[in-house]
Amino acid sequence: MKSFAFCPVTDKQINERVARFNAAFTMLLLLIFLITQSIIPVLFLAVDFLLRAADYSQYSLLAISSRGIVKYFSINGYQINAGPKLFAARIGFVFSLLIIVSFLSGAVLPAIILGGILGLFSFLESVFGLCVACEIYPYVYRILQKTSL
């Protein structure tokens, strides 16, 4: 099946394996949230996503850890455009905020559902390299284009 998805493009490149480790860490933190129903892992994720979304990944603990693992184990990766991962981090930040607001307002079930969706996205990225953000970006782009007219 051919995909016609496109993503934002930037002049920056990132290691694809680092991005997949970031997704794996995200998935693990969301799993901790789902099991314990403690909001702390999601608060951590919100800050980390914000750093990565604002292109300050040098301060992101998940990105630092992922780069360290890739370097320490000499995992071969290839460079990809950072644009889709920045967009994915923005989506992750929005999801994290929605989870936090839902959870703190007492709507635990919606918070769990949103955490499950974000966890599924992270799982697909970490295991299969499938960037759901790239698949939904064309629709977001069209909506933004229509609203800016």
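Everything here concerns the structure above.
Remember, predicted model here, so these are calculated numbers, not experimental data.

Thresholds applied
- Residues numbered from 1 in each chain as written.
- Predicted model: local features only at pLDDT ≥ 70, side-chain atom pairs only at ≥ 80, totals over all residues.
- Heavy atoms only, no water.
- Phe/Tyr/Trp six-rings, centres within 6.5 Å; stacked < 30°, edge-to-face > 60°.
- Helix = DSSP H or I, 4+ residues; strand = E, 2+ residues; numbered from the N terminus.
- Patch = residues over 30% accessible without salt bridge, like charges linked within 9 Å, V, L, I, M, F, W, Y side chains within 5 Å.
- Areas by Shrake-Rupley, 256 points an atom, 1.4 Å probe, with all protein chains shown as cover.
- Salt bridge = Lys/Arg side-chain N within 4 Å of Asp/Glu carboxyl O.
- Buried < 20%, exposed > 50% of the residue type's maximum accessible area, 1.4 Å probe, protein only.
- Contact = heavy atoms within 4.5 Å.
- Core = buried A, V, L, I, M, F, W, Y, C linked by side-chain atoms within 4.5 Å.
- Polar contact = N/O pair within 3.5 Å; in protein donor to acceptor, adjacent residues only side chain to side chain.
- Axes fitted to C-alpha atoms, helices over the stretch in contact; angles between N-to-C directions.
- Parallel < 35°, antiparallel > 145°, perpendicular 65-115°, else oblique.
- Left-handed = near helix turned anticlockwise from the far one by under 90°.
- Nonpolar A, V, L, I, M, F, W, Y, C, P; charged D, E, K, R; others polar.
- Expected span 1.5 Å × (residues − 1).

### What about the packing of aromatic side chains?
Summed over all chains, the structure comprises five aromatic pairs. Seen in terms of ring centroids, Phe95 and Phe121 are 5.9 Å apart; in terms of plane orientation they differ by 70°. Their pairing is edge-to-face. With Phe95 in helix H4 (residues 83-104) and Phe121 in helix H5 (residues 108-128), the pair connects residues that are 26 residues apart, well separated along the chain.

### Observations concerning a nonpolar patch on the surface
Together, Leu120, Phe123, Val127, Phe128 and Leu130 give the surface a local cluster of nonpolar side chains, amounting to about 450 Å² of exposed area. Positionally, Val127 belongs in helix H5. A relative accessible area of 41% places Val127 in the partly exposed class.

### Considering the side chain of Glu125
Inspection of the secondary structure assignment puts Glu125 in helix H5. Setting aside residues up to four positions removed in sequence, Glu125 forms contacts with Ala19, Arg20, Ala23, Lys85, Leu130 and Cys131.

### Concerning the nonpolar core
In this structure, Phe33, Ile39, Val42, Leu45, Ile99 and Leu118 are the most contacted members of the largest nonpolar core, which totals 24 residues. When residues of this core are assigned to their parent elements, the largest contribution, seven residues, is made by H4.

### Section: the pattern of salt bridges
For the structure on display, the rule yields five salt bridges. Between Asp55 and Lys12 there is a salt bridge, with its nearest N and O atoms 2.8 Å apart. With Asp55 in the loop between helix H2 (40-53) and helix H3 (61-72) and Lys12 in the segment before strand S1 (13-15), the pair connects residues that are 43 residues apart, well separated along the chain. On the basis of relative accessible area, Asp55 is assigned to the partly exposed category, the value being 30%. The exposure class of Lys12 is partly exposed, given its relative accessible area of 40%. For Asp48, the salt bridge goes to Arg52, with nearest N and O atoms at 2.9 Å. Here Arg52 and Asp48 lie together in helix H2, a separation of four residues that amounts to about one turn. You'll find Asp48 and Arg52 in the same group, each marked buried.

### Focus: the environment of Asn22
Note that Asn22 resides in helix H1 (residues 16-36). Relative accessible area serves as the criterion here: at 7%, Asn22 is assigned to the buried category. Setting aside its immediate chain neighbours within four residues, Asn22 contacts Arg52, Leu62, Ala63 and Ser66. Among the polar contacts listed, one links the side chain of Asn22 to the side chain of Ser66, at a separation of 2.7 Å.

### Quick notes on the packing of H1 against H5
Remark: H1 packs on H5, axes separated minimally by 8 Å, with the N-to-C direction vectors making an angle of 150°. Comparing their axes, H5 and H1 come out roughly antiparallel. Crossing hand, H1 versus H5: left-handed. Note on element contacts: H5 touches H1 through Ala111, Ile112, Gly115, Gly116, Leu118, Gly119, Ser122, Phe123, Glu125, Ser126, Val127 and Phe128, opposite Ala19, Arg20, Ala23, Ala24, Thr26, Met27, Leu30, Phe33 and Leu34. Of the residues contributing to the contact of H1 with H5, the split by class is 13 nonpolar, six polar and two charged.

### Thoughts on H1
An ideal rise of 1.5 Å per residue puts 30 Å on 21 residues; H1 measures up with 30 Å between its terminal C-alpha atoms. Buried within H1 are the following residues: Glu16, Val18, Ala19, Arg20, Asn22, Ala23, Thr26, Leu29, Leu30 and Phe33. Next to the buried residues of H1 lie S1, H2, H3, strand S2 (79-81), H4 and H5. Between the side-chain oxygen of the N-cap and the backbone nitrogen of Arg17 there are 2.7 Å, and the N-cap of H1 in question is Asn15. Just past H1, the residue Gln37 takes up positive phi, approximately 55°.

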